[in-house]
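Survey of secondary and tertiary structure
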Amino acid sequence: MRISELLDAKQTFSFEIFPPKGEMSVSQATQIADELMRNDPDWISVTFSAGGTGGSANTVEIAKTIQATGKTSALAHLTCLGSSKRDVDRYVERLKEAHVENILALRGDRAPGREVIDFTYASDLISYLKDSGLCVGGACYPEGHVECESLERDIEHLKKKQDSGVDFLVTQLFFENDDFYRFRERCARARIKAPMVCGIMPFTSVKQIQRMAFSCGASIPSKVVRRLVQAGEDPESQRQAGIEYACEQLLDLAANGVDGIHVYSMNRPEVGKATHDCLRAAGYLGARP
Ligand code: FAD
């Protein structure tokens, strides 16, 4: 099903998985998707790894398997730096053959050897995909994209994604819901109306949260640091603290009527289940509150 239609009907609940890069096989990734599906998500997104060791090839394969179950919809990511229009055409063709209807159109991170060929920004890719027949999503950044000089300028660039025909947006992870609520208001003032799905990542360790904060520019509030300090050195206590914090974030977002909730479950089905269970127990998941 098209994600835009799901978002019209309800507050959605979804997961992200990332494809194997050598340390995991496609069948293991498919097994993770299978376990995540037990939580009845509206869709599962599959990341794309440009120039990686097999990551991009596996995106379509995993998305196809998810779609073929008939239990949920698949969202296949695609980055465009270093890709030509022909590459994109081939990718779209493969998605259509696999009956995958949703694509997340991204620029991708700058890296040596990943130069601009036909697309400079994600909005160029979104324009190109507009007539593909796919439902096209884009990324947005409640704290601003790391490369951009200001949040205000980043929102101007986000408006270009909407003007290019984006159907929905998925946020970068954030640990402070107020950052998202302020961002949502600023976007509304900038006449950005595309539905926004909130991406939340339960942290699993001090190292992991530091790495994520550095790579995507999400700030770590002192209340998160306090939780981690209280959890001490024990990895299981740190993981539990991350799940508890994420559940509090999710319940607050659901109560505040966000369009959708997307859990970066880090390929860990038990994390997906914990987030599902807390929302379900509080009476969310289903009709828009
Ligand atoms: P863009 O929207 O093109 O923005 C990139 C930068 O350019 C921003 O600073 C923006 O402000 C600026 N900009 C945009 N338009 C203009 C313009 N017209 N003029 C001047 N500046 C402009 N990466 C992967 O490799 N694989 C994935 O699967 C993946 N999935 C992701 C999923 C989500 C939900 C998110 C939030 C990110 C994901 N990423 C992924 C990371 C993403 O590729 C990086 O954040 C990347 O640096 C930016 O991608 P973008 O699509 O937001 O780029």
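Our subject is the structure listed above.
The structure displayed is predicted, hence computed values, not measured ones. (Residues numbered from 1 in each chain as written. Predicted model: local features only at pLDDT ≥ 70, side-chain atom pairs only at ≥ 80, totals over all residues. Heavy atoms only, no water.)

Brief notes about the environment of A231
Inspection of the secondary structure puts A231 in helix α9 (residues 222–231). As for A231 and S205, which are separated by 26 residues in sequence, their C-alpha atoms are 9.8 Å apart. Beyond its immediate sequence surroundings of up to four residues, A231 is in contact with S237, Q238 and A241. (Helix = DSSP H or I, 4+ residues; strand = E, 2+ residues; numbered from the N terminus. Contact = heavy atoms within 4.5 Å.)

Concerning unusual backbone geometry
In this structure, D40 is a non-glycine residue whose phi angle is positive, near 55 degrees. Residue position: D40 is located in the loop between α2 (26–37) and β2 (43–46). By relative accessible area, D40 is classed as exposed at 58%. In this structure, N267 is a non-glycine residue whose phi angle is positive, near 60 degrees. For N267, a relative accessible area of 10% translates into the label buried. (Buried < 20%, exposed > 50% of the residue type's maximum accessible area, 1.4 Å probe, protein only.)

Some details on the packing of aromatic side chains
Two aromatic rings, taken as a pair, are described by how far apart their centres are and by the angle between their planes. What the rule picks out here adds up to 8 aromatic pairs. On the basis of an interplanar angle of 85 degrees and a centroid distance of 5.5 Å, the ring pair of F48 and Y91 is categorised as edge-to-face. Of this pair, F48 sits in the loop between β2 and α3 (55–68) while Y91 sits in helix α4 (residues 85–97), and the two are 43 residues apart along the sequence. Looking at F48, the relative accessible area reads 17%, which means it is buried. Judged by its relative accessible area of 6%, Y91 is buried. Plain terms: the ring middles of F119 and Y128 are 5.5 Å apart, the flat faces sit at 65 degrees to each other, and that makes the pair edge-to-face. According to the relative accessible area criterion, F119 is buried, its value standing at 1%. On the basis of relative accessibility, which here comes to 30%, the residue Y128 falls in the partly exposed class. Members of the aromatic cluster, each reached through a chain of ring pairs, are F174, F180 and Y181. (Phe/Tyr/Trp six-rings, centres within 6.5 Å; stacked < 30°, edge-to-face > 60°.)

A few points about the site of the ligand
Not every one of the 24 residues close to the ligand is listed here, only the nearest: F48, D109, Y141, D154 and H157. One of the side-chain N or O atoms of Y121 is found 3.4 Å from a nitrogen atom in the ligand. In this structure, an oxygen atom belonging to the ligand sits 2.8 Å away from a main-chain N or O atom of A122. Protein contact buries 85% of the 970 Å² of open area that the ligand shows by itself. Those elements that place two or more of their residues in the shell around the ligand are β3 (73–79), β4 (102–106), α6 (151–163) and β6 (168–171). Considering each element in turn, the shell around the ligand owes the most residues, 4 residues, to α6. Considered class by class, the residues forming the shell around the ligand number 10 nonpolar, 8 polar and 6 charged. (Near = heavy atom within 4 Å. Polar contact = N/O pair within 3.5 Å; in protein donor to acceptor, adjacent residues only side chain to side chain. Areas by Shrake-Rupley, 256 points an atom, 1.4 Å probe, with all protein chains shown as cover. Nonpolar A, V, L, I, M, F, W, Y, C, P; charged D, E, K, R; others polar.)

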